[in-house]
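# Residue-level structure breakdown
If you want the building blocks of each chain, they are given just below.
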Amino acid sequence: MNQIMDSLRRNKAFLIICIGALFFNMGSGIQNTIYTNFVSNELQIGADSVGLLAGIREVPGLLTAALAMATLFFTESILAALCMGLVALGLFSFSTANSFATLVVAMTIMSTGQHLYFPLQSAMVMKVSKQNERAARLGTLNSVAAFATLSATLLVRFLTPVLTNLQGMFNYRVMFRIAAVIALLGGIFQLSLRRGGKADLRKALVFRWKYKTYYILTFLAGSRRHMNQTFATLALVSLHGVDVATIATLFLISNVMSIFSRPLLGKLIDKWGEGKSLTLNYAVVAGLFVGYAFVGNVNLLYVIFIIDQLFLGFEIAITTHLDKICDR
């Protein structure tokens, strides 16, 4: 009986985490879909400045340890809600941005919330999952994230005609405000997660040589994600003139495929182990990046972009690798 009740509690907590992730990723997905077109077309920000913004986006990541120390007195549910609140504020700030400086402010606020939320979300999933199902559950969570991003791209795609004014310019600012409301709703819902006590992140503030593979893999994953999210999209928009509707369609296709592929990737990682899975991942990704550099056919670049999106699902293996090597 106790095992059944414990299983029900775990499943309920996991469901709440998934619903929170649904709102979070939908809000972030809207921003990710329209961001490059917004800064390039409406604000006329050049490629060098977009690259600088991508670097600034990671500054809160460098400060995550210090930020975590300042939030030790919050429960996990409140901390997750606060993170989503920061993301919502950042998204709303994008809707008022009119210069590089105001973009920096919006990016920093949103990125702070994201960088605090991502490790917290993974930790919460680990807590409510049995050891032999953790990669699969992270895969399920990634599938939920893919569905949320799919919903975001659908929203952008089908609102494009509605939000295009008489001058033919897409109204990005309305979409940023819609994204902010969605993220805020996710924060409110996250408060219903009552499992666990204080979010004592002090135990995670360690640097040990035995975790070197995790540090290296995380560094590589961050670099790879920037190539995917910033420069691949920027190349399509700036070099090939791809419009916001087409970018939304590319995200739409890749996220439909990710909904079904990411739980399978989680099971594959459980079966193969992290070593073989990540070797396959980075071997394929290296080939994709070569394609970005040398392929000039825009239709082939669309295919490369979609495959690149699908292989982001292998990042599950980095989290499960840490779970295996860390002290209990």
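Worth saying up front: this structure is predicted, and the values here are computed from it rather than measured. (Residues numbered from 1 in each chain as written. Predicted model: local features only at pLDDT ≥ 70, side-chain atom pairs only at ≥ 80, totals over all residues. Heavy atoms only, no water.)

Of note, V50 is situated in helix 2 (residues 47–57). The exposure class of V50 is buried, given its relative accessible area of 2%. Not counting the four nearest positions on each side in its chain, V50 is found in contact with V39, I45, T230 and L234. (Helix = DSSP H or I, 4+ residues; strand = E, 2+ residues; numbered from the N terminus. Buried < 20%, exposed > 50% of the residue type's maximum accessible area, 1.4 Å probe, protein only. Contact = heavy atoms within 4.5 Å.)

Within the element layout of this structure, S111 appears in helix 6 (residues 100–127). A residue is classified by how much of its surface remains accessible, and S111, at 0% relative accessible area, is buried. For S111, the side chain forms a polar contact with the main-chain oxygen of R57, separated by 2.3 Å. In this structure, S111 is in contact with R57 and P60, ignoring residues within four places of it in sequence. (Polar contact = N/O pair within 3.5 Å; in protein donor to acceptor, adjacent residues only side chain to side chain.)

With that settled, the discussion passes to the packing of helix 5 (residues 76–96) against helix 8 (residues 172–190). Interhelical geometry of helix 5 versus helix 8 gives an angle of 170 degrees and a closest axis separation of 8 Å. With respect to helix 8, the axis of helix 5 lies roughly antiparallel. Across from S77, A80, A81, M84, V87, A88, L91, F92, F94, S95 and T96 in helix 5, the residues of helix 8 making contact are R173, F176, R177, A179, A180, A183, L184, G186, G187 and Q190. A per-class count over the contact of helix 5 with helix 8 returns 13 nonpolar, 6 polar and 2 charged. (Axes fitted to C-alpha atoms, helices over the stretch in contact; angles between N-to-C directions. Parallel < 35°, antiparallel > 145°, perpendicular 65-115°, else oblique. Nonpolar A, V, L, I, M, F, W, Y, C, P; charged D, E, K, R; others polar.)

On to empty space enclosed by the protein. Evaluated as defined, the whole model comprises 1 cavity of 30 Å³ or more. Approximately 70 Å³ is the volume attributed to the largest cavity. Every residue along the wall of the largest cavity is listed here: Q31, N32, Y35, T36, V50, L53, A54, R57, M107, Q229 and T230. Elements supplying a minimum of two residues to the lining of the largest cavity: helix 1 (2–42), helix 2 and helix 9 (212–240). Each residue belonging to the lining of the largest cavity can be placed in one class, and the counts come to 5 nonpolar, 5 polar and 1 charged. (1 Å grid on protein atoms, 1.4 Å probe; cavity = no way out; pocket = protein on both sides within 12 Å on 5 of 7 lines; lining within 4 Å. Points joined across faces, edges and corners; volume = space filled by probe spheres on them.)

Turning our attention to the nonpolar core. Judged by nonpolar contacts, the single largest core of 67 residues is most densely connected at I30, I34, F94 and L103. With 12 residues, helix 1 is the largest single contributor of residues to this core. Within the second largest apolar cluster, 14 residues are counted, among which are L236, V242, F251 and L288. (Core = buried A, V, L, I, M, F, W, Y, C linked by side-chain atoms within 4.5 Å.)

This part covers a nonpolar patch on the surface. A cluster of nonpolar side chains, V181, L184, L185 and I188, forms an exposed patch at the surface whose accessible area comes to about 370 Å². Relative to the assigned elements, I188 resides in helix 8. (Patch = residues over 30% accessible without salt bridge, like charges linked within 9 Å, V, L, I, M, F, W, Y side chains within 5 Å. Areas by Shrake-Rupley, 256 points an atom, 1.4 Å probe, with all protein chains shown as cover. Salt bridge = Lys/Arg side-chain N within 4 Å of Asp/Glu carboxyl O.)

The next point concerns the pattern of salt bridges. For the structure shown, the criterion picks out 4 salt bridges. For E42, the salt bridge is made with R173, and the minimal N-O distance between the two is 3.1 Å. Here E42, found in helix 1, pairs with R173, found in helix 8; they are 131 residues apart in sequence, far enough to count as distant. Between E315 and R225 there is a salt bridge; the shortest N-O distance is 2.7 Å. Here E315, found in the loop between helix 12 (298–310) and helix 13 (316–325), pairs with R225, found in helix 9; they are 90 residues apart in sequence, far enough to count as distant. Look at E315 and you get buried, because its relative accessible area is 19%.

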